[in-house]
Structures are given as C-alpha cells and as structure tokens.
Amino acid sequence: MSDSPQNDLETIRRKRLAKLQGTQRERSSVQASPPTSGSNPESSISDTFSAGAAGAAGAAGAAANARSGTSSPAASGNPFNSLSSSASGSKINITRSNDAAPQMITPKPVKPPADFKVWADEKLTAAFKFTLKKPSGATDLTYLDEVATELLESSTEPLLSEATLDRALLSRLTEIPIENPFNYLLTSWRSIETVRRTVRTSDADRASKISLLNEARRLCTGYSVLTVCMPDMFNAPNATDLAALMVEKPDSARAVPLEFVDAMILRAVEDEQLYDFIAPVIANLSTRMRSITMVDSYQQYYRALQTLVAHKPVATLLTEMPEFLPEDVSATGIELYTILGPFFRLSPVESKVATTYFSDSKTRPASEINSAVTALRAELGTIQDQLSFMVDKIVRAGINPREKMLQYFGRALNLNHKRRAMQIVPGTISTDAFMLNLTAILNKLCEPFVDATFSKIDKIDPLYFKKSERVDIKEEVKLDADQNTFNAYIEDRIEGTPNFISEVFYLNVACHYYGLGGAMHSVGQLGNDIKDLERHLSQLETERHNWINSPQAPLLNNTLTRVREQLNSALAFQHALNAALQDRSAMSRSFAFLMTAATWLVRLVDPAHEHPQKHIKLPLAGPNPDSFKTLPEYFVENITGFVIYFARHYPQVLFDQTQVELVTFAVTFVRTSNYIKNPYLKAKIIEFLFYGVHSQPGYKNGFLGDTLNSLPFAIEHVFHMLMQFYIEIEQTGASSQFYDKFNIRYYISQIIKCIWENPIYRDKLAQESNSDVEFFVRFVALLLNDVTYLLDESLSKLTEIHKLQGELGPNRPVLSQQEQTERQQTLTAAERQASSYMSLANETVSILKLFTKAVPPAFVTPEIVDRLAAMLDYNLDALVGPKCTGLKVKDPQKYHFDPKALLSDIAEVYLNLSGEASFVLAVARDGRSYRREIFTRATNILSKYAVMSTKDIDKLSKFADGVEQTKLANEQGEEELGEIPDEFLDPLMYTLMEDPVILPSSRISIDRATIKSHLLSDATDPFNRMPLKLEDVLPNDELKSEIEEFRRSKRKQAIAAAENAADELAKDADGDVDMA
C-alpha cells in the first residue's frame, strides 16, 4: 500500500478495471453456453457493477489501515471489508444489504421497463449532478467519462441506475475534486428525499423506484460517514465538522436533517466505525456547550445530543469515552469537562441569565417579573425533560452504560459534600444550576416506583450501605449511631449488587440533600447578603449629605454606585434562583419522592415491616433497627427542610398534595423520640407541623390541620407526642438550650391551638392527665416555668422600655451624643427582647387557659399548685398593682403587648381553678403577692373596659372573697402553731413539712412535695447539684412523727386555751348577772 491516498485510489481504479474485464470474459462464456432457465443478463450487469464498486471502495479501508498502522486485506473483496475483517478493525460496508444473499432464479425474468430506466437516470443525474451521457453543450453536470467508457466497453448502456450508481458516485468523489464532499452528499440526499416523497403509491414501478432511491440514500450516508472519519480519502481541503452542522438552526441551509444523522449512525454501526465517527462529534458538542447559557441558542445542542443518544450504540459509546467521567475530575470540573456536564448545568441560575431577565428588578412592575419567572420555569421544564430523556436512553442502553451513569451521579454527589458546609469556599463545589438539574433527572428516574400506593416500596434495599459504597456517608452524622457503631455496621459486608430502584433511591435522597437542600441554603445566604447590601446602601444614602462636599466624595460615590450594582445583581440572581427552585411541577415531583422516603423510613422501623399496607402501631417496643439508626440524618432533614422552606416561601406546592404520609412520619418519629438522637432534628419536625397548621388564604387550618383533625393515627398519638416533646426539649445539651426551648414550645402551642377545636383532642387531654399522672404533672410544671419566666422577662423589658422612652423623649434630660447613642442601642435591644418574650408569653398563657379549663384537677396537685398560685398573683399585681404605670409604653402592639387581653387571660385561669379548694388555699397562702385590693382593682378594670362578662367578673370577685376568708382561717391556724422549730421547716419553702424525705447525697430533709416540684424542672439535688431521682429519696418517718406530734400538741394547747378563754368569758358573764 502506498503512502498517498491518491495512489491508493489509482490502485483501486486499476483493480476495478481488471475485475471488470474478468467479469466481461465470464459474461462471454455464459453467453456462449446454453442459457439457464431464469437467467437474467441485467442481474449479471448489476453484479458486475457491485463488484466494481466493491473494488473501488476497498481502497478507503486500505487507506484507513495505512493511517492506523494495520495491514490491509486483499483489495479484491467487498469494498469496505478491509475495515472489518480483523477483530480490532472497524467495518464500513457501502454495498447493498442483499448483495451477499443468493440470487433467486426465476423462470421468466422481468426487465424494468424502458421508461423506468430513463426516469432513474434523470432523477439520479439531477440529484448527484453528474451524468454518464456525454453532454452536447454547456451544462452544470459533471460528465464521468471514465465510468461511461467502462460501461460502453462492457456493452452496457451508460445510464445511472441502481447497479451503476455506486461506481459513478465513487468516481465523482475521488477522481474529481469537490470542495465539500459532505455537503455535496447531503445535498444529493436531500434531492433524493424530495424525489422519494413524490413517488405515488399507485405508480406501477413504485417498488423499483423506492428500491433505487433507498440505494441512493444508503450510498450518500455511507460515504458521508467516511467524509467525517477519513476526510483525506476525498482530498477535501477541510474536515467536516458534523457537530457544527448539527447545531445549525433548523431553518438554516447548512443544517443537517436528523434523519440523515440517524442514517449515518446506522451505517457507522453496521460498518463498526461508530467510535471514530461519532465520538469526536459528541466531544465537540460538549465543548461548545461550555459557553452556552439560556440566553443563547442552546436548543440545537440538546436536539443534537438527543438525536445521538436515541441510538443505543451511541448511548453506550458515550459512557465509554474518557471524557465521560475523568478520574481526577473536581466538583467544578464535573460540570465543565465531562461530556454531560455542560448540558446538565444549563439553568436560569446563572448571572448572565439573571441580569438579562431581572435587571433593575426593584423598579420594574411585579407583573413583568412574574412573566419572566413563568417563562423561565417553562423553559427550564423543557430542558429538564430533555436531560431526563438523554439519561433514560443511556440507562436503558445496557448494563454497562447504566452502571457508568450511576457512577457519574455518585461522583457528582460525593464531590459536593461541602455544599452543606457553614462556610463555602468559592470554586470548590458545583453550581446550584447543575445540582438542581441532577435532582430533577433523578426524580424522573424514580417516578416508576413513586406511586400513590407505594406498591414497589419493598424493592428499596434497607441494607444498601452494606452492599455499595457509591454514596459516601462516612462523614455524615447518623440518626442514632456514633462513628464506631457505623464502622462496625458497614464492615459486615453483604455480597450482591443493589437493584436499580435502590440505586436511584439512595442517590436521589443524597441529591435532595446536597442539591435541592444546598440550593435552599443558598437562598437563605443570598437573602442575608441582600439585607446587608440594603443596610449598607441605606446608610450611604442617609449620610450622603454629610460627605457630598468632602474630599472623600469621589471615593464614596464610587462605593455607592458599586453597592447599587451589587444589590441589583443580587436581587436579579435571587429571582433567577427562585424561578428554578420554586417550579411547581418539579417541586411536586420532589415532594412525592420525599413522601416515598418518609413512608419507607416508617416502614423501616415498623417491627413487621408492612407499613403502609398495614399501618404501623405505636408506641414501638423494640430496639432501634441498625439499618435505621446508621442512616445519615439527611434522610430526615430532607423532609423537614423541604416542607419548612416551601411552607414559608411557596406553600401552594404543599396544598396540592396529600399529607397523610407526612403526618404519619412526623407522629412516628416524635412519638418514638429515642430513635433520633438529635433533639434539634426532631424539633424540625415540630416546626414543619407548626407551619402546616398556619392559616393561609382559603385554608383556615393550613395544609396539615385537616389531616391532624381527621387521621385516626394522628388523633390517637398527637397530644401525647406534643407533651412528650415539650418535656424532652427542656434539655438538649446545647449551650443555647434555654432559649431554644421557647421557640420550639411556641410551635407546640400553635399546633395545640389548631387541634383544640376538635372535641376528641380535648378528651385526649383528660385521658392523658389520668393515665400517666406523673408524666402530665411534669408537663404542667414546665408549662408553669415557661409562663413564669416569660411573663417576668416581658414585663421587666416593658418597664425598661418605659424608662428609656422617657429618657429619649421630648422632655428628656440633657444627654451627650454618646449617651443618646448608648440609650438608643439599649432601647433597640430591649424592644427586640420584649417583642419576642411577649409573643411567647401570650401563647403560653393561652395554652394554660385552655388546659386549666379542660382539666382543672391536673393543675392543683401538691407539686405545682403553690407555684401556679404564686405566678398568677405576681403577674396580676404587676398588671394592676401600684407599679403598673411602669408598663405604659408607646405603641404597645409593637411588642405584642395587650394588657387588657393579658389581664383577661389570667383572670380566666383563676376562674377555671376557682372550684378547686387546694387552689383557693394556695392563693391564700401566697404571702408575697396576694392582696385582696389587687383583685378589687382587677375586677374594676375588667368591668370598665368590658373585657369579660359581668357574670365572670362577679365570679372572680366571689373567688377573691373566698380566698380572703381562707387566708384569715389559715392565719388563725398558723397562730395556733406559734413558733415552729427550724428542723420542721422545709429548707426551700420555709413552710411546715408534711411528708419529709431525706435526699441521699446531701442527707438533707425536705418536704416530698417540694422536692417533687423541684425535680420536675431540675433532676439534681438542690443542695449539692448531684443527680437525683424521686425514687432515690428516703422517707424520714422519725421526723414526720415528730412533726405530727408537734401539730397535735399545738392543737391541744390551742383547744385548751380556747376552753380557758370560754371559762373566763362565762365567769365574766356570771359576774355581770350578779352585778345586775
């Protein structure tokens, strides 16, 4: 084989002539012998032409082998067999598919009619712009003199036909220079297509014509593959850039029809030249996509790649390319330097797109912004559908491409763990655009098993992490396992490969955390940045008059301009991010997937593993399953984060969904609180329940209220669950636990208020107070602690505000600028705290009012009744007593302070408990805050402002009278006791003990009721802070007997004194009579 393609072609031409001569001799021999029945001279001519074409085209393979350093097979065979005969070679075969088939011998050969031959020659001549007939004058046709001569020498009419076209086309492509062979073949193919569409079904020669045109099409696509793979064969000055042609606009003259590309791919597959043909095209498309955004013409790129991967061989080949997933790819590189990355990153979440659609968003009408958002969401939906189509084709192409695609997803997720870090270093993670599109694609892959009945939920393998390391969770915090427990768990490997459903499920759970969750985190960060920029801009504009004429004016003006530009860009990006993140259809798919995940988690802890087909039963008695407790926390955090985010920003997404699975998930894991060790993760469940019952236009009870009020599972467990978590959140282990608990308990109070209208829940409260008295008393004690602290802090801050407002008011004393600034800062801090505390206090008092009305006896147990009475008396005195004027502040609504409403709530609590004798006694014994005149002032205010009904005001007044009588009687009893020995007094309350017990560590005796009350909020010995449980205390029977004896002796003394006094009075009376 020579080094020059031209020499190769000359060799081909000579061999073709030699073979043609041999064929002519064979024909002469056949003609000299008797004709065989059914012989067909035309068939012999056709075979001759095919053979000639075979010899000519064989050189192309030889040239290819020469370039690749392989040996060339004999040129006398099929024209492109040289490209396929070796195991490592590629095959291109541009001969008719039936050439190798045995020829059928028919008794009576049927020749094509003469007019068909003329038609064929005319159509092929017009399509390919060459002829075998010597032109008589000027023409734009190319005369193939050499081919025509060969045909004449073989006694064959020089017409273009199905038999002669291959020889003629090869000659035209190789012997006469063409500037762009690919364009020439494409133009010819288009012409053939036009003719093909004009062939009528009623045409008598339709079959012959279609066969001819199909052969012409096949030759065009076959040689077109060669022009792309081996352009040197045709002496073309430039290689064919098929990628550039595929991304031309459809109406462009240079655009390649998709049908033509499909046909070329089929030819390349058949000839085993697919990799050489299409791999460079795919790489080229991907490289071009790197600089494309949604404001550019990107549609053709997606259409091109869709066209390619629609073919299984191409989809398989794509995953085998080195660029599909390079070994050393980074988080930023995976979306730029992999084949699919540039396609996956196309999104509105890009600065150029944001600026184009949302520039000057602060000054533009909302309708324009909404229109832009709607348009972008629709366009993004189309993009994600196209991406899903591509991935689906790759996954369905075979086992290997499916595995490669799963590897791609796994690598993308494992490279992006830092997306959930508190501080993110720019350039170390993939973009929100890329990750949101991955989430959308995985949602689509999960759709087959995300159905309303969860019919395939049993296909999700709970032992996935024992079988696969595709998703890296080593550094993630687990639900209820430390690192050693987790390591021991996964070291016990299980042989086998997870099924595809399990693969995409676990990948999608991780993608919702790093992808969707990361994007929601970005929204929060961006919101904070915008607030900072707005504050900075406001400060610059406010102080502008101070520096406008100063030497720093140019610098500050530049700063002002820069801040405005930054703010405009940030706002535009925020709109773009929301456009992608809050797409209703995409988020509905995410919600459906997360509900499948929630149901699967419940099924995982169900001892029978039959949920939801058979509903889970609570409480759970068994230990926490290893397969559950070793899961990353993000399995739960995905669900809570999604619901909280969309409840706050875009609740319409949640109103469209069924909420049974969500409520079941929430109740199961808060009710079974020991299954999740992180109290703040459980608090997130409470938080989304709070948002779920928040009233929305058209939905009084929010998107969860109706489910909470109707679902039997919820009705059975919600009240206990809420009280249990109210207690549990008292101790979280965090440094901020004291303040965190108030926010969480605020959420609980709102949930309770939502369900309180349901009488079934009110009955549940009564059942809870009777079924587990100790549990309920602990709950009530913590409720009282909160009310006491919050009201005290609220009223204290209001008093401070009253003072500061006076000092900063129009009649304020003379203050320096520094003093004014300091007081203003103090006032701002006090206002913020007062608003927060007062809001929480109002809700807690509201719950106290509801509960004391429903179950009064539960609030008058010895452990809490004195504290409750003291708290009510103290706050009543603060609201209406002598110091109440210190609560007068400007704009009290700003601090959620409504003194009349608060007074009414406290008065109602008194009324709710007024029938309990122990409560009356407790109020009477409150020597610190109780005074009869305070009740008198309270009833006067309530009457003056008509805050309560006259009937209730009268009841409150009678209650106060009863308390006063009890107080007098109690004081008389205390006088009877006289001086009480110190050892008989409770060391904390300084009251006479009734049931003294000994604390085991400090050995101090204290009243049982007092220590029970203390342990409700603090599980330590109050004298040495050592851990203490109620069951550890020891009865002090000896001291109790002494106290009882002390009482009896004092009682006897009192009785004796009374009798003596009566005797003296009798004597005095007798004496008076006698004197009379």
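Novice: Help me understand the pattern of salt bridges, please; the structure alone is not making it clear to me.
Specialist: Opposite charge on two side chains permits pairing when their charged atoms draw close. Tallying each qualifying case throughout the model produces 48 salt bridges. One salt bridge connects Asp 532 with Arg 535, and the closest N-O pair in it is separated by 2.3 Å. Taken together, the residues span about one helical turn, with Asp 532 and Arg 535 both in helix 20 (residues 500-542) at a distance of three residues. Residue classification places Asp 532 among the partly exposed residues on the basis of a relative accessible area of 41%. Residue class for Arg 535 comes out exposed when judged on its relative accessible area of 51%. Overlapping salt bridges, with partners in common, bring together Glu 730, Lys 741, Arg 745 and Asp 786 in one network.

Novice: Help me out: how do you make sense of the nonpolar core in this one?
Specialist: Side chains of a nonpolar character, in soluble globular proteins, are inclined to be buried together. In terms of nonpolar packing, the biggest core is built from 298 residues, with Phe 128 and Phe 919 touching the most fellow members. Considering each element in turn, this core owes the most residues, 17 residues, to helix 33 (residues 773-808). When near neighbours in sequence (up to four residues on either side) are disregarded, Phe 128 contacts Leu 165, Leu 169, Tyr 184, Ser 188, Ile 192, Ala 216 and Cys 220. Of all hydrophobic cores here, the second largest spans 10 residues; its members include Leu 537, Leu 540, Ala 570 and Leu 571.

Novice: Teacher, can you tell me more about the confidence of the model for the protein chain here?
Specialist: When pLDDT is low, close inspection of the predicted coordinates is not appropriate. Residues of the protein chain with pLDDT of at least 70 account for 87%, and the chain-wide mean is 86. Counted against residues more than four places away or in other chains, residues 15-110, with its pLDDT under 50, gives 149 contacts. Under a pLDDT of 50 for its full length, residues 1072-1076 has, in the predicted model, zero contacts with residues more than four places off or in other chains.

Novice: I would appreciate a short explanation of the sheet that holds strand 3 (residues 996-998) in the present structure.
Specialist: Strands belonging to one sheet form pairs held by backbone hydrogen bonds; the direction of such a pair is parallel or antiparallel. Here we have three strands laid out as an open sheet, ordered 4-3-5, and antiparallel in their pairing. Here the strands that pair on one side only, and so sit at the sheet edges, are strand 4 (1005-1007) and strand 5 (1034-1035). Relative to strand 5, strand 3 runs antiparallel, the two sharing two bridges. If you follow Ile 998 over to strand 5, its bridge partner there is Leu 1034. The sheet contacts of helix 40 (residues 1008-1015) involve strand 3, strand 4 and strand 5, and relative to strand 4 the element is tilted by about 85°.

Novice: Is there a simple way to think about helix 6 (residues 181-198) in this case?
Specialist: Here helix 6 contains 18 residues, and its C-alpha end-to-end distance of 26 Å stays within 8% of the 26 Å for a straight helix at 1.5 Å per residue. For helix 6, the set of buried residues is Pro 181, Phe 182, Tyr 184, Leu 185, Leu 186, Ser 188, Trp 189, Ile 192, Glu 193 and Val 195.

Novice: Any chance you could explain the packing of helix 35 (residues 865-880) against helix 37 (residues 917-925) here in plain terms?
Specialist: The description of two helices packed together rests on the angle between their axes and the distance between the axes. Two elements in contact, helix 35 and helix 37, have axes separated by 8 Å at closest approach and are oriented at 55°. With respect to their mutual orientation, helix 35 and helix 37 come out oblique. The hand of the helix 35/helix 37 crossing is right-handed. Counted together, Val 865, Asp 866, Leu 868, Ala 869, Leu 872 and Asp 873 of helix 35 and Ser 918, Phe 919, Ala 922, Val 923 and Arg 925 of helix 37 form the full contact between these two elements. Of the residues contributing to the contact of helix 35 with helix 37, the split by class is seven nonpolar, one polar and three charged.

Calculation notes
Residues numbered from 1 in each chain as written. Predicted model: local features only at pLDDT ≥ 70, side-chain atom pairs only at ≥ 80, totals over all residues. Heavy atoms only, no water. Salt bridge = Lys/Arg side-chain N within 4 Å of Asp/Glu carboxyl O. Helix = DSSP H or I, 4+ residues; strand = E, 2+ residues; numbered from the N terminus. Buried < 20%, exposed > 50% of the residue type's maximum accessible area, 1.4 Å probe, protein only. Core = buried A, V, L, I, M, F, W, Y, C linked by side-chain atoms within 4.5 Å. Contact = heavy atoms within 4.5 Å. pLDDT = per-residue confidence, 0-100. Pairing = 2+ DSSP bridges. Axes fitted to C-alpha atoms, helices over the stretch in contact; angles between N-to-C directions. Expected span 1.5 Å × (residues − 1). Parallel < 35°, antiparallel > 145°, perpendicular 65-115°, else oblique. Left-handed = near helix turned anticlockwise from the far one by under 90°. Nonpolar A, V, L, I, M, F, W, Y, C, P; charged D, E, K, R; others polar.

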